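Inside the fold
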Amino acid sequence: MQTIEGDIYDYPRYYDLIFGSDWKPEYDFLNGCFQKHLSGKAVRVFEPACGTGRLLYRLGKQGLLTSGLDLNPKAVDYCNRRLKRHGLPASAVVGDMTDFRLPRKVDAAFNMINSFRHLSSEKLALAHLRCMGEALRKGGIYLLGLHLTPTKGYACEEESWSASRGHLTVNTHMWLLERNLRRREELYGMRFDIYTPTESFRLEDRLLFRTYKADQIHKLIADAGVFDLVETYDFAYDIDAAIDIDRETEDIVLVLKKK
């Protein structure tokens with residue numbers, strides 16, 4: 001099998017299949033949070049690091065005014081073409097999630113699958129949270145999903161999953177290459193094995209993430225000074241099953257409310 005070393009975000013069709021196949025629980029969870037935690041009604045919704053817009057266009061189809069931002073032009077182009085196919089405005093733009101201003105404040109925002117951990121320093125993470133504070137109206141919410149580094153028990157170091165759409169199948173494997181808690185870095189390998197009726201090939205990339213223990217994410221939110229943490233969930237996305245973070249907690253979705 002031919003192997004291509006490249007940026008997985010430069011291949012939005014395959015990325016979207018792998019990360020968009022289980023969209024329904026996240027979509028229902030977002031709507032549940034809008035109803036349960038948002039002060040007032042959700043009308044305008046924003047996604048930083050929107051990628052292919054797998055959730056954004058579905059929220060647009062239900063009548064919300066959606067917008068997104070992403071560093072990768074290929075992902076933004078894919079997202080906008082998808083929005084237009086569904087009769088929605090091409091509202092995603094290329095931009096930096098640590099340095100942006102929206103033309104109008106939004107009611108809610110979300111960042112669900114660890115994109116936040118690509119921000120490699122405390123300075124960048126704080127800049128992002130403060131930009132999000134500026135983007136949201138008072139009482140608006142930001143749903144932030146990420147993996148914590150547990151301080152007790154087993155930490156997940158690899159996972160594999162598959163997804164198919166039509167004649168396209170992608171098998172994915174993600175594995176830890178290095179974890180350095182002093183530098184607060186995790187380096188992962190990621191592999192897409194891609195199969196179509198006419199070809200098969202492998203795409204490999206390396207992804208660098210910043211680590212967060214429970215006390216570190218709480219301190220970051222406090223230092224940003226723009227949000228109250230009102231609830232925490234896990235990746236089961238059960239709106240009726242909020243969790244308490246303990247030493248073994250690994251996956252979390254924080255409900256942050258603009259002060």
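So, here is what we can say about the structure in this document. (Residues numbered from 1 in each chain as written. Predicted model: local features only at pLDDT ≥ 70, side-chain atom pairs only at ≥ 80, totals over all residues. Heavy atoms only, no water.)

1. Some details on the overall build of the protein
Helix and strand content of the protein: six helices and twelve strands. What you see for the protein is a C-alpha radius of gyration of 18 Å, in line with the 18 Å of a compact globule of 259 residues. When the backbone C-alpha atoms are referred to their principal axes, the protein occupies close to 55 × 50 × 35 Å. Relative to its full complement of 259 residues, the protein shows a buried share of 52%. Contacts in the protein between residues at least 24 apart in sequence constitute 68% of all its contacts with a sequence separation of at least 6. Total accessible area on the protein stands at roughly 12,400 Å², and carbon and sulfur atoms take up 48% of it. Taken as two groups, the 37 positive and 37 negative side-chain charges of the protein have centres that lie 6 Å from each other. (Helix = DSSP H or I, 4+ residues; strand = E, 2+ residues; numbered from the N terminus. Rg over C-alpha atoms; globule rule 2.2 N^0.38 Å. Buried < 20%, exposed > 50% of the residue type's maximum accessible area, 1.4 Å probe, protein only. Contact = heavy atoms within 4.5 Å. Areas by Shrake-Rupley, 256 points an atom, 1.4 Å probe, with all protein chains shown as cover. Lys, Arg positive; Asp, Glu negative; His and termini not counted. Charge placed at Lys NZ, Arg CZ, Asp CG, Glu CD.)

2. Some points on the environment of Gly51
Checked against the element boundaries, Gly51 lands in the loop between β2 (44-48) and α3 (56-61). In sequence terms Gly51 and Ala75 are 24 residues apart; their C-alpha atoms lie 5.1 Å from each other. When residues no more than four places from it in sequence are discounted, the contact partners of Gly51 are Asp70, Ala75, Val76 and Cys79.

3. Details of unusual backbone geometry
Despite not being glycine, Asn114 has its phi angle at roughly 75°, a positive value. Within the element layout of this structure, Asn114 appears in the loop between β5 (106-111) and α5 (122-135). Using a relative accessible area of 9% as the deciding quantity, one classes Asn114 as buried. Not every positive phi belongs to a glycine, and Arg184 is a case in point at roughly 60°. You can see Arg184 is positioned in the loop between β8 (168-180) and β9 (185-195). Judged by its relative accessible area of 13%, Arg184 is buried.

4. Brief notes about helix α6 (residues 214-224)
What α6 keeps buried is the set Ile217, Leu220, Ile221 and Ala224. Along the long axis of α6, the arc covered by the buried residues comes to 95°, so they all point the same way. Seen from the open side of α6, the exposed residues pointing more than 90 degrees away from its buried face are Asp215, Lys219 and Ala222. Those residues of α6 that are buried are in contact with α5, β6 (136-147), β11 (227-233) and β12 (251-258). The first or second residue beyond α6 is Gly225, which carries a positive phi of 75°. (Arc of directions from axis to C-beta.)

5. Regarding the layout of surface pockets
By volume, the largest pocket amounts to about 730 Å³. Lining the largest pocket we find 35 residues, and of these Phe19, Asn114, His147, Glu159 and Phe235 sit closest to its centre. At four residues, strand β7 (residues 158-165) tops the list of elements feeding residues into the lining of the largest pocket. Counted by class, the lining of the largest pocket contains 18 nonpolar, seven polar and ten charged residues. A domain split of the lining of the largest pocket shows at least three residues from each of domain 1 (10-150 + 211-258) and domain 2 (151-210). Considering only enclosed or pocket space, the second largest pocket measures out at about 560 Å³ in volume. Classifying every residue of the lining of the second largest pocket by side-chain character gives 17 nonpolar, nine polar and seven charged. The residue makeup of the lining of the second largest pocket includes at least three contributed by each of domain 1 (10-150 + 211-258) and domain 2 (151-210). (1 Å grid on protein atoms, 1.4 Å probe; cavity = no way out; pocket = protein on both sides within 12 Å on 5 of 7 lines; lining within 4 Å. Points joined across faces, edges and corners; volume = space filled by probe spheres on them. Nonpolar A, V, L, I, M, F, W, Y, C, P; charged D, E, K, R; others polar. Domains from an automatic or database assignment.)

6. Section: the nonpolar core
Core analysis: the biggest nonpolar cluster contains 31 residues, and Phe116, Tyr142, Leu146, Ile217 and Phe227 have the highest contact counts within it. When contributions to this core are tallied by element, the ones reaching two or more residues are β5, α5, β6, α6 and β12. Counting residues per element, this core draws most heavily on α5, at six residues. In contact with Phe116, not counting residues within four places along its chain, are Met97, Asn111, Ala125, His128, Leu144, Leu146, Tyr212, Ile217 and Leu220. Counting residues in hydrophobic clusters, the runner-up holds 29 residues, among them Leu59, Val76, Ala108 and Leu143. (Core = buried A, V, L, I, M, F, W, Y, C linked by side-chain atoms within 4.5 Å.)

7. With respect to the side chain of Thr66
Here Thr66 shows up in strand β3 (residues 65-70). For Thr66, a relative accessible area of 12% translates into the label buried.

8. Focus on the sheet that holds strand β1 (residues 2-5)
On the basis of which strands lie adjacent, the open sheet formed by five strands has the order β1-β10-β9-β8-β7 and mixed pairing. Either end of the sheet is taken by a strand with one partner, and the two such strands are β1 and β7. Looking at each pair of strands side by side, their axes are set apart by 20° on average, direction ignored. Where β1 meets strand β10 (residues 200-210), four bridges bridge the pair, whose relative direction is parallel. Paired with Ile4 across the bridge in β10 is Leu203. (Pairing = 2+ DSSP bridges. Axes fitted to C-alpha atoms, helices over the stretch in contact; angles between N-to-C directions.)

These figures capture arrangement, not role.
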